[in-house]
Amino acid sequence: MEECQRLGLAKAIGVSNFSPNKLQELLQHAHVPPAVNQVEMNPMWQQRQLRDFCKRKGIQVTAYSPLGASNTRWGDDRILGCSSLQEIANERRKTVAQVCLRWAYQQGVSMVPKSFNRKRMEENLQIFDWSLTKDDLAKISNLPQRKGVLLRDVLGPHDLVKEIDMEA
Ligand SMILES: NC(=O)c1ccc[n+]([C@@H]2O[C@H](COP(=O)([O-])OP(=O)(O)OC[C@H]3O[C@@H](n4cnc5c(N)ncnc54)[C@H](OP(=O)(O)O)[C@@H]3O)[C@@H](O)[C@H]2O)c1
């Protein structure tokens, strides 16, 4: 990838599903540190330790499955169906999806929500003219944490995938 960038074939180099350990290993050898690390991140898998590490190293975090990947092969509706998030959404007159995306935005990460539905795509963009309060953020930081997306469910069984799932 460094060669691709040197040749002008890639503007920047990014990685995905890299834990602090894997990033540390990469940084020991890389001439060009990764610009971005794309990982699962949402109110129920907040990745605080990884985000601290990336911040110190100047690596931007991108959140995938920011809505918990409901109705996909690898996700479930623990986030869109979460009653605490629903309470916050009711108070702000927003949807749970918007609360999740606004929360990610207020954490300073970029994000890749997926929707095939035009109305929901528009809904997901309406997060920039309001904000979550300190109380909302405190409630969200107290939510139980559990990794939701196992790479073996996304990519199928593979030894390397198993190793990443165990570390992440
Ligand atoms: N790098 C990696 O290893 C990795 C792993 C997993 C995923 N990803 C990427 O991350 C991106 C998004 O992740 P994801 O698809 O796993 O999860 P996600 O964006 O958290 O959730 C997608 C699901 O949420 C629904 N949805 C979207 N907006 C909604 C809204 N406003 N209200 C209610 N439901 C809504 C979508 O349904 P509709 O389409 O019907 O709206 C879809 O079922 C994808 O581009 C994916 O490729 C990367």
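Above this text is the structure in question.
Source: prediction; values computed, not measured.

Draft legend 1. Structural context of the site of the ligand. Around the ligand sit 24 residues, and of these Leu-67, Ser-70, Ser-115, Phe-116 and Arg-120 come closest. Between the ligand and Ser-115, the relevant distance is 2.5 Å, taken from an oxygen atom to a side-chain nitrogen or oxygen of the residue. Within the side chain of Asn-124, a nitrogen or oxygen atom sits 2.8 Å from a nitrogen atom of the ligand. Computed on the free molecule, the ligand has an accessible area of 910 Å², of which 79% lies beneath the protein chains in the complex. Sort the elements by how many residues they give to the shell around the ligand and helix α6 (residues 118-125) lands first, with three residues.

Draft legend 2. Representation of the environment of Arg-102 within the structure. The topology assignment puts Arg-102 in helix α5 (residues 96-106). Through-space distance from the C-alpha of Arg-102 to that of Asp-129 is 9.8 Å; in sequence the pair is 27 residues apart. The residues touching Arg-102, leaving out its near neighbours within four places in the chain, are Ile-127, Phe-128, Trp-130, Ser-131 and Leu-132. At 2.8 Å, the side chain of Arg-102 forms a polar contact with the backbone oxygen of Trp-130.

Draft legend 3. Examining the environment of Pro-43 more closely. When you line up the elements, Pro-43 lands in the loop between β2 (36-40) and α3 (48-57). Through-space distance from the C-alpha of Pro-43 to that of Arg-73 is 20 Å; in sequence the pair is 30 residues apart. Ignoring any residue separated from it by four or fewer positions in sequence, one finds Pro-43 in contact with Pro-66, Leu-85, Cys-100, Trp-103, Ile-140, Leu-143 and Gln-145.

Rules used in this analysis
- Residues numbered from 1 in each chain as written.
- Predicted model: local features only at pLDDT ≥ 70, side-chain atom pairs only at ≥ 80, totals over all residues.
- Heavy atoms only, no water.
- Near = heavy atom within 4 Å.
- Polar contact = N/O pair within 3.5 Å; in protein donor to acceptor, adjacent residues only side chain to side chain.
- Areas by Shrake-Rupley, 256 points an atom, 1.4 Å probe, with all protein chains shown as cover.
- Helix = DSSP H or I, 4+ residues; strand = E, 2+ residues; numbered from the N terminus.
- Contact = heavy atoms within 4.5 Å.

Honestly, it's all geometry; don't read function into it.
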